[in-house]
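Listed below are the residues making up each chain.
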Amino acid sequence: MWQFFHKLGSPKWFYGIAGRFMPWLLGLGLVLSLAGIVWGLAFAPQDYLQGNSYRIIFIHVPTAFLAQSVYMMMAVAGVITLVWKMKLADVFVRAAAPVGAILTVLALFTGAVWGKPTWGTWWIWDARLTSMLILLFLYLGIIGLSHAYSDEKTAARAVAVLTVVGVVNIPIIKYSVNWWNTLHQPATFKLTEKPTMVPEMWVPLLLAVLGTYLLFGWVSLYRMQTEVLRRERRTRWVKDVIAAGGGSQLKSGGA
Amino acid sequence: MNPARKRKLTIVLFLLAGVAVAVGLTTYAFRQNINLFYDPSQIAGGEAPVNVRIRAGGMVEEGSVARDPDSLKVQFRVTDYSSSVTVHYEGILPDLFAEGQGVVATGQLNENREFVASEVLAKHDEQYMPPEVSEALERSAARAREEGREMPEY
């Protein structure tokens, strides 16, 4: 365990190991999310009240779930940056932030598209929707701040502090529907109880969520590899990777 | 862990705890502003201001919806199963509006403590099920009523 942690200090080792994992993440992620989304959109039964419009959950729930999950991962990486000064943790935060921002935009957009026919409005300033919008601004702030300093170490520390402080928003998003009166409904799934949904609905949803996780893993490793190459551009091994092109021993897992 | 890292970790944890307490107290102080709507008990208890634009929310009481045959005027009662408030509205209701379903209405309380709404939104609950399951549930509920049994809550 500790050995793995120490090895992550070597950019070259990370580049190689990431390249080995990435094809699996991409392949499995595509299979699972396509299976979940096609099953959910085309074959799962209709809802008794909403008819077909409920099917947007097969996109909305995975993106909203990941948007929060990615932020949690970034906050853990932020603590690692602040305490252990591990460069790779900062590389992860920079790589993941734009992905998280896009997931949040997708969650807000699909929610609005669903809200119009179901609630009768695109947007309402209730606690869940507003805290999710704050999450988007946090992501945008992190992206902006990470480009605001020319010194890498200063940028890493500033970004890590902002990421860690922003994590208080995550429980607010999660529990907003329980703590306050909101238009958004409470969670359908709880960790401690078995789902009240029929399996034909929750199994495709679960597949889509798992697939989105794996695809996030792939895209973040890909972006981390690129950032590692940029930071290490003056070193011997990067010059070797580039000279060898696709024939290098160190594989990029990019498509 | 070496002492320098331990110190940094402690600082980070204190920072996080401090921010959490600050945000917690702020949201607690603003809870009435964060709440999207007043529920019928709050309105009955006099917590909601009169003649001020507010939102009221709850379930549409069974058998309370009365439509005016010549216009879009509609009247219904919103309940939280302990108190209820009468809502007057003129306009098109959302598709999901039905007796026993949740709604959030925007409007004003008049002097008679009745709610005059300018907008009615449907509130969806966390239940999703295929139509067959919903029909089966209704059938078994009807059977249970005939036999005088209690139905489990879904």
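Structure first, text after, so check above.
Residues numbered from 1 in each chain as written. Chains lettered and ligands numbered in written order. Predicted model: local features only at pLDDT ≥ 70, side-chain atom pairs only at ≥ 80, totals over all residues. Heavy atoms only, no water.

Colleague: Is there a simple way to explain the overall build of chain B in this structure?
Modeller: The number of helices and strands found in chain B is 4 helices and 6 strands. Shown N-terminal to C-terminal, the secondary structure of chain B runs as helices and strands in the order α-α-α-β-β-β-β-β-β-α. C-alpha atoms of chain B, sized along the principal axes, occupy 75 × 45 × 25 Å. Pairs at least 24 apart in sequence give 48% of the contacts found in chain B among residues at least 6 apart. If you sum the accessible surface of chain B, you get close to 9400 Å²; carbon and sulfur atoms cover 54% of it. Each charge class in chain B can be summarised by its mean position, and for the 16 positive and 22 negative side chains these summaries are 17 Å apart. (Helix = DSSP H or I, 4+ residues; strand = E, 2+ residues; numbered from the N terminus. Contact = heavy atoms within 4.5 Å. Areas by Shrake-Rupley, 256 points an atom, 1.4 Å probe, with all protein chains shown as cover. Lys, Arg positive; Asp, Glu negative; His and termini not counted. Charge placed at Lys NZ, Arg CZ, Asp CG, Glu CD.)

Colleague: How should I be thinking about the interface of chain B and chain A in this particular structure?
Modeller: Often, the extent of an interface is quoted as the loss of accessible area on bringing the components together. Contacts between the two partners involve 36 residues from chain B, matched on the other side by 40 residues from chain A. Between chain B and chain A, roughly 3500 Å² of surface is buried when both sides are summed, and carbon and sulfur atoms account for 66% of that area. Scanning the region where chain B abuts chain A turns up 0 salt bridges. Where chain B meets chain A, there are 10 residue pairs in polar contact (both at pLDDT 80 or more). Secondary-structure elements contributing two or more residues to the side of chain B that touches chain A are helix 1 (3-29), helix 2 (31-34), strand 6 (115-123) and helix 4 (131-146) of chain B. Broken down by element, the side of chain B that touches chain A gets its largest block of residues, 10 residues, from helix 1 of chain B. (Buried area = accessible area lost by both parts, 1.4 Å probe. Salt bridge = Lys/Arg side-chain N within 4 Å of Asp/Glu carboxyl O. Polar contact = N/O pair within 3.5 Å; in protein donor to acceptor, adjacent residues only side chain to side chain.)

Colleague: What is the right way to look at the pairing of strand 6 of chain B in this model?
Modeller: On a regular strand, each side chain points to the face opposite its neighbour's, so the side chains alternate between the two faces of the sheet. Residues and elements named next belong to chain B. Two strands pair when backbone bridges link them, and strand 4 (residues 84-90) and strand 6 are joined in this way by 3 bridges, in the parallel orientation. Residue His-88 lies in a different strand from strand 6, and its bridge partner there is Val-116. By the bridge criterion, 8 bridges tie strand 5 (residues 102-109) to strand 6 in an arrangement that is antiparallel. Looking at strand 6, one finds that Ala-105 is bridged to Val-120. Between strand 5 and the antiparallel strand that follows it, strand 6, lie 5 residues; Arg-113 among them carries a positive phi value of about 60°. (Pairing = 2+ DSSP bridges.)

Colleague: I tried to follow helix 2 (residues 11-43) of chain A on my own but got confused; where do I start?
Modeller: At 3.6 residues per turn, the α-helix brings residues three or four places apart onto the same side. Along its 33 residues, helix 2 of chain A runs 45 Å from first to last C-alpha, staying within 8% of the 48 Å computed at 1.5 Å per residue. Phe21(A) marks the point of greatest bend in helix 2 of chain A, at about 30°, and the proline Pro23(A) comes within the next four residues. (Expected span 1.5 Å × (residues − 1). Bend = angle between axes of the 7 residues up to and from the residue.)

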